[in-house]
Amino acid sequence: MNDRIREILSWYDSENPGVRTNLARMLNHGRLGGTGKMVILPVDQGFEHGPARSFAPNPAGYDPRYHFQLAIEAGCNAYAAPLGFLEAGVADYCGDIPLILKCNNHDVLNDERDPISAITSGVSDALRLGCVAVGFTIYPGSAERTTMYEELREITEEAKSVGLAVVVWSYPRGSSLSKEGETAVDVVAYAAQIAAQLGADIIKVKLPSEKVELPEAQKVYQKYEIPIATLADRVRHVVQSAFAGRRIVIFSGGVSAPDDQFYNEARAIRDGGGFGSIIGRNSFQRKKPEALKFLSTVMGIYEGSVQ
Amino acid sequence: MNDRIREILSWYDSENPGVRTNLARMLNHGRLGGTGKMVILPVDQGFEHGPARSFAPNPAGYDPRYHFQLAIEAGCNAYAAPLGFLEAGVADYCGDIPLILKCNNHDVLNDERDPISAITSGVSDALRLGCVAVGFTIYPGSAERTTMYEELREITEEAKSVGLAVVVWSYPRGSSLSKEGETAVDVVAYAAQIAAQLGADIIKVKLPSEKVELPEAQKVYQKYEIPIATLADRVRHVVQSAFAGRRIVIFSGGVSAPDDQFYNEARAIRDGGGFGSIIGRNSFQRKKPEALKFLSTVMGIYEGSVQ
Amino acid sequence: MNDRIREILSWYDSENPGVRTNLARMLNHGRLGGTGKMVILPVDQGFEHGPARSFAPNPAGYDPRYHFQLAIEAGCNAYAAPLGFLEAGVADYCGDIPLILKCNNHDVLNDERDPISAITSGVSDALRLGCVAVGFTIYPGSAERTTMYEELREITEEAKSVGLAVVVWSYPRGSSLSKEGETAVDVVAYAAQIAAQLGADIIKVKLPSEKVELPEAQKVYQKYEIPIATLADRVRHVVQSAFAGRRIVIFSGGVSAPDDQFYNEARAIRDGGGFGSIIGRNSFQRKKPEALKFLSTVMGIYEGSVQ
Amino acid sequence: MNDRIREILSWYDSENPGVRTNLARMLNHGRLGGTGKMVILPVDQGFEHGPARSFAPNPAGYDPRYHFQLAIEAGCNAYAAPLGFLEAGVADYCGDIPLILKCNNHDVLNDERDPISAITSGVSDALRLGCVAVGFTIYPGSAERTTMYEELREITEEAKSVGLAVVVWSYPRGSSLSKEGETAVDVVAYAAQIAAQLGADIIKVKLPSEKVELPEAQKVYQKYEIPIATLADRVRHVVQSAFAGRRIVIFSGGVSAPDDQFYNEARAIRDGGGFGSIIGRNSFQRKKPEALKFLSTVMGIYEGSVQ
Amino acid sequence: MNDRIREILSWYDSENPGVRTNLARMLNHGRLGGTGKMVILPVDQGFEHGPARSFAPNPAGYDPRYHFQLAIEAGCNAYAAPLGFLEAGVADYCGDIPLILKCNNHDVLNDERDPISAITSGVSDALRLGCVAVGFTIYPGSAERTTMYEELREITEEAKSVGLAVVVWSYPRGSSLSKEGETAVDVVAYAAQIAAQLGADIIKVKLPSEKVELPEAQKVYQKYEIPIATLADRVRHVVQSAFAGRRIVIFSGGVSAPDDQFYNEARAIRDGGGFGSIIGRNSFQRKKPEALKFLSTVMGIYEGSVQ
C-alpha cells in the first residue's frame, strides 16, 4: 500500500487486521485506487423508492447484473446493494469489485414521519456473499432512532469481529426536523458525528446546505464564525465533525441535478477534504455509455485530472 | 495502596477483586492518585449536543486524540467517552490513562420530554478496548426509566462478572419533573440513592440546588431540619444519601460558569465530603494551556494545595 | 427441626429440598426460630420513597450496615433489601442472618397511576450474595400487572430451580382501584390468592380493612356471611385465601401508627392465624434502642410471652 | 474476470460466492493473476523444522515482516503461514496480498512415526486477520489420519460457511508407508483424491516419483498402462486424480535442489496441467534479490515468457 | 508511554487495544517500568514441586500474601501464580501489581516422562481476579504436546478477545529429548519459535546451554556458524528465533546457583537483547531482606545502574 493509504488505515488502528484489510480493498480498488478518494455505486432505490421510479429511466437497471457491470466498468471502489440484488448477480462477478451488503432497507408504501428501516440481511449473508463491508442506514431525528442505533451497534460488533468494515448511511429525518433541516449543515455534521461515535468505518451523508437548523447550534455557528458560506466550507466542517477527518466521509448528491452542478459539487467535496461520492440515481438512471462518461468525469475531478 | 484507598475499597468488599482492581486503577492514577479524590474527563457531548456546540469553542477537540492528551497531561483519574471516540484514539495511549466506555448515549435531534438513551456499546467493547469501567446514564423521572434501570442492571451484572467497574450518570429528567426540579436537592439525593441501589460503583450527579421538589419530601426536610442551606451542606446530604458515603459520588458542574464560581463549587464538594468532579465542557472547550491551568486549580482544591 | 416447622415444610413438599432448606433457614432463625412465626426487616424505602423520607428520622439508616445490625440484634428471621444495600453491607455479616434480595423496585420520581417496578437484580445476584430467597413486588390492579406476573413467573422458575425461596409482595394498586380499595378485604384476599397461585413461598400483604371493594364480591361476602368484622377475622380470611393456610402469609403495617395500635394489629395477626409481620419504617425510623424494644414487644406477642 | 478464471470458478459453483470470491482473489493476484496458474509462498518451517534450520541460511527470514515483503515483491498469488507469523506482520500489509492461515502445525521435537498436527488456529482467527483461506495439513497413511480428516471436515464446514476457501496440504506419511512411498505416484494421486473428496478447494501435494507403492495399485497401473514415465505424465495423473482437473492442484518441491532441476520441475508441472507451485525454503532461504530472480523465473515458466 | 514502550507495543499492532493496554501495564510497572525490561515473580512451585520443597527454605512463603508483598516491594513488573495463590491474597493488593494467572499446572506426585499440565483455571477467573494476563505452560517434545498446543490455542483466543495478554512458559521436556537436550540452544530456540507461532505475547524459556541437540540442527549451526559460544550469543539467538526480537522473551534461571553466577546470567540476558528474567525460587526461598537486595541487583543490571 502507498503512504496515503497507510495514513488512512492508521486512523483505524484499533480495528482488527481483517477490518483494515477490507478497508484497504475498497481504497485500493478501481480507478481511484490508492488516491484515498472513493466513488461508490449504491443501488438500493428499487427497495427504497420502488422499481419503476428507479429503473424505468434506464430499463437495463432492472437486471441485477447491470449494476455490477456498471460499477466494474466505471472503476468504482465498491458496489452497495440489498441482499436480493447481490445474491442475484454476484456469481458472475466474484472478486471483481468490493461489495457492500446494505443490511437494512425502507420502502415508501408506508412512509412514516418517523421512519425506521427493516433489517433485511446480516453479517452471515455478507460473509457468504464475499462482501467487504456491511451497510446500514440510521435516521437521526426520528423518534425511532434509539432502536436503529441499537441495531447498528449489534451489527457493528458482529461485523467487525469477523473482519468486515461498517458503512453507515446517516440521514437525518423525522417529525422533529423540518424538511430543509434534514440537510442543514449543523444537522448533517451532527449526523456524521453520531455515525462516527457509533463506530462507523465509512460515513455517508448528504451534501449540507447553508441552513443551520437547531437554535442552540445557531448561536454557536455565529459566535465562533464557523465558515459555512461555500459548499467546500461546509464539506470541510462535516469532515471535521467526523473526528477531525480521521474517519472516511463520503457524500451523496441526492436527486438528479444538471451534470455541471454535480461536477461542481464533486469539486467542492474534493476541495473541502471529503473522501468522495456515493452516486446512485445519477449514474444508473442513464444509459451505460453516458453513465461511464459521467462517472469518469467525477473520478477525474477526484484524482485531479479534471479540474 | 495507601490507607485511604484501602478504606474506600473496603466499601466494595462484596465486589470481586477484578472490580476492586479497576476501582483502584482509577483511584491511584493521576495527580489525585491516592487521595481518594477524583477528577474525570468525560467527552460525550459530541453525541449528546452535536459536534459544533461541543468543539467549535476549541476546535482541537474535534480530534479524538486531543481528549486523551488533555486527560493525561492534566493528570485526570480517568477519561470517559462513547465507543467511537475511544476506538479512534486508544491505540496511541494504551495503558496511559484509565478509560471508561460510555455505553449509552442520547442526541438532541429528537429531544423527547421523557428521554431514553440508546445503548451504543457494551461490555465486550470495554474489554477489547482495555477499559476499567463501563458508564451508563439513567434518567430517573422519565417515563422510560424502568427500561433504563433494567438495561443498567443487565450491563452491570455482565460488567462486574468480568471485573469492570460501573459508573452511573444519574440525571433526573422527564415529564413529571419541573426543569428546576431536575437539580432539586431531594431529587439529586434520590437519584444518587437509586444509582447506589442499582449497584453503581461510582455515581455521577449534578450539583444540587436549595430547592426541594417533591411535596412528600418537603415535609421531611422541614421536620428534620436537614441542612441544605449551603452547597457543602447539600453535597454532604447527597453523599450521605449514597449509602452514608460508602459509594463514590462525583459531581458535574454543567454549563460554563465563571471559573471562580466553579472553584467555589469544587471547594463545596470537597468540604461536603464529595469525591470529586467530572468536568467536560469546562475543560475541553478552552485551549489546552488554559484547560490544564484550570484543571490544575481544581485538583489543587481537592488535594488541599489550593485553598 | 421441630414438629411445627416440619408441618409447615410439609406444605411445600413439591419444592426441591433446596427451597425447603432455605425456608427452614428463615423459620429457624432468630428469636422466633422454631415457632412458625416470622418477623422480617425490609429496607427498600430508600429506592421506593427516596433517601431523606426514609432515613432522615434516624440518620443511622443511611448506612447499609445499620440494617444488618438491627435485624441481627433484634433477632429477626430475615432481612430483605435491594441489590445495592445488600452488596454494600453483606461482607461484614456473611451467614449472620438470612437475606432476601428484593429483585424489583419502583421510585416515585415518576409516579404513574398504573405502576410497574423495574427489575433491578436477579437470581445470579442472590446466589453470589448468599441469599436464601428472592423478593418480588406485584401490583394486582395495575394495567401493567400482566408484565409483572410474567416477570415473577420467570424469576420464580429460575430461583426455585437453584433452591432459592420466593417471597412476593402483593400490593394491589392501579387506576381501576379506589385508594381505599387497595386494602379492602376482598382485594387483599384476592392479592394473596394470586401470589399463591403464582408460586410464592411466602406472601406479604397489607392488613385488610373492613371494606369490600368489588361489587361482585360484595354479594358473595353478604350471602355467605363471611366474618370480616374484626381484624383477626379478616386476617383469618386472607390466610384462608392463601391455600387454606398452607402458604406462609405475613403482613405489613404500612405507615407509622401509635405503637399500641401496632401491637394490637400484631395480636390480631396472631389470633387470626397469620404468620407474622414484615416491619420496615416502624423499626428502622427510630433509634436503635427504641427499635429493639419495639421489635421485642412484637416478637413477644407472636411467641406468647407478651399478651 | 477473464475467461480462464471464469472457467476455473465454474468448477466451484456449489460453493457460496464468498468462497469463490476468495478463490478469485488468489487467482487474480500478483504476476500470475488471471493466468489460472499460482505461485504461493508458504512459511511454516519455523514451526515444522525449527527456526535455525529454517532461517539461518537467510537470517532476514527470522522477521515475520520479511515474508510478506518477499511474497508481495515477487508477485506471489498468496502467502501462507501459522498464526503467530501472520499476527506479527499483517498490520503493515493489510490488503497487499491474499493470506492463508495455516491452522495446524507439527514440530519435530517429538517426531512420531504416525504424526498428527496440532490445531493452532481457526476460522475466527482467519477472519479477524483478513485471510482469504484456511490451510490444513493431513497425513494420509498415518495411524492418526482419521482424527485429522475429521478435524479438517469441521474446519472446512466452518470456513466455507463464512466464505473462506480451504487449502489442504495432503502429505502421505506414517508407519504403513515406506519413506519412498510417501512420494510414490499412486500414493500422491491417492492423497490428492482424498483431499478433493474432503472438500478441499486447493490441494497441495509433493511432486510424485515414478515409484508405485501399493501392491494392489501396481497391478492397475500396469494393466491400464497409466503413463507415469515422465514427471509431466505423473503430474497429469495426479491432476486427473483430483476430479479430472476440476480442482486446483499445486505442487511443492521439497528440499533444496539445484535451480535448474527446480525449473525443470516447474516446466513438468506446467506441461502436465498442474496449477502451479508452493515454494517455501527454495525462496526464503536465499537472499531476497536472488529469491526474487528465482521466483521470477518460475513465474515466467508458468506464464510462458520463460521456456 | 515513552518511545521504547511505544516501539514494543508496535510489534503487537494486530492485537486489540485491550491486550496492548495490559502489556503496557506490565511494561510500565515497577522499578523497570518504561525500560522495556521486565522482572517477573512466579510462584507456582507449591503446585509443581510440593510445599515443603518450595517454602521450607523461607517459611514466610507458605502465606500467599507474602509473594504479593515481595513482588510489590521489589518493584517487579508482575506476579504470576496459580488460581489458589491469587485468590487467597489478591483482595489486599488490588491494583498494586499486575497479575498473571497461571492457568495450567503439573505436580510431581506422578511424574511422567511425557508430561502434560492440567488446566486449573481460565480466562473468566483471570477477569474476576483483575489479572492482566493468563499464563500457560507447554512442553514441546512431550508426546502430549499436541493436546497442550490445542489447549493453549483455545485459551489464547478467549483471553485475547477480552483484552488479556498471553504469557507462555515454553519448556521442552519428554521422552524424545535427553535431559541436557531440554536446555540445548537449538531446542530452546525452537521452543521460543513454537510459542511465538502459537500467538504468545510474552515467552518464557530457560537459559540455553551450548549444546545442540537435534542432528539436523547441528548441521545448520555448523554450516552457518551461528554464534553460540557465550551465553549472550545464545540469548541473542533465542530472541532472534522469536520473530527477530519482535516478541518479548524472558528467561528463567532454574535451580539455585551462586548469586554471582545469577548476576552474570542477567548480564548475558541484557547483553544478548533479552527482555528480562522470571525469578521464582531464587527470590522467594530466601528471607525478604535478602530477596529484595538480590532482586535489586538484578534490576540494576537490567536498568544499567549495576554493571
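The coordinates are above.
Presented here is a report on the structure given in the accompanying data block. Treat the numbers as computed from the prediction; the structure is a model and nothing was measured. (Residues numbered from 1 in each chain as written. Chains lettered and ligands numbered in written order. Predicted model: local features only at pLDDT ≥ 70, side-chain atom pairs only at ≥ 80, totals over all residues. Heavy atoms only, no water.)

A look at the overall build of chain A
- Per the secondary structure count, chain A includes 14 helices and 10 strands.
- A compact globule built from 307 residues would reach a C-alpha radius of gyration of about 19 Å, and chain A, at 18 Å, matches this within 12%.
- Taken along the three principal axes of its C-alpha coordinates, chain A extends 55 × 45 × 40 Å.
- Put simply, chain A has 307 residues, and 65% of those count as buried.
- Restricting the contact set of chain A to residue pairs at least 6 apart, pairs at least 24 apart contribute 72%.
- Total accessible area on chain A stands at roughly 10,000 Å², and carbon and sulfur atoms take up 50% of it.
- One way to put it: in chain A the 32 positive side-chain charges average out to a point 4 Å from where the 37 negative ones average out. (Helix = DSSP H or I, 4+ residues; strand = E, 2+ residues; numbered from the N terminus. Rg over C-alpha atoms; globule rule 2.2 N^0.38 Å. Buried < 20%, exposed > 50% of the residue type's maximum accessible area, 1.4 Å probe, protein only. Contact = heavy atoms within 4.5 Å. Areas by Shrake-Rupley, 256 points an atom, 1.4 Å probe, with all protein chains shown as cover. Lys, Arg positive; Asp, Glu negative; His and termini not counted. Charge placed at Lys NZ, Arg CZ, Asp CG, Glu CD.)

A few points about the relation of the copies chain C and chain B
- Mapping chain C onto chain B calls for a rotation angle of 71° and an axial translation of 0.4 Å; the resulting RMSD is 0.1 Å. With respect to symmetry, the two chain copies, as superposed, fit the operation of a five-fold axis. Ranked by how close their C-alpha atoms come to the rotation axis, the residues of chain C are headed by Thr-147 of chain C, at 11 Å. (Least-squares fit on C-alpha atoms with pLDDT ≥ 70 in both.)

Overview of the pairing of strand β6 (residues 133-138) of chain B
Residue and element names in this part refer to chain B.
- Counting buried positions along β6 gives 6 out of 6 residues, so the element sits mostly inside the fold.
- Taking every second residue as pointing to the same face, both faces of β6 are buried, with Ala-133, Gly-135 and Thr-137 on one and Val-134, Phe-136 and Ile-138 on the other.
- Of the pairings in the sheet, the one linking strand β3 (residues 99-102) to β6 comprises 3 bridges and is parallel in character. Bridge pairing links Ile-100 to Ala-133 in β6.
- As paired elements, β6 and strand β7 (residues 165-170) share 6 bridges and run parallel to each other. (Pairing = 2+ DSSP bridges.)

Some remarks on the relation of the copies chain A and chain E
- The transform that puts chain A on chain E rotates by 180° and translates by 0.0 Å along the axis, for an RMSD of 0.0 Å. With respect to symmetry, the two chain copies, as superposed, fit the operation of a two-fold axis. Taking C-alpha positions as the reference, the residue of chain A nearest the rotation axis is Asn-16 of chain A, at 3.3 Å.
- Of all interface residues in chain A, 100% are interface residues in chain E too; the two copies therefore contact each other through one and the same surface.

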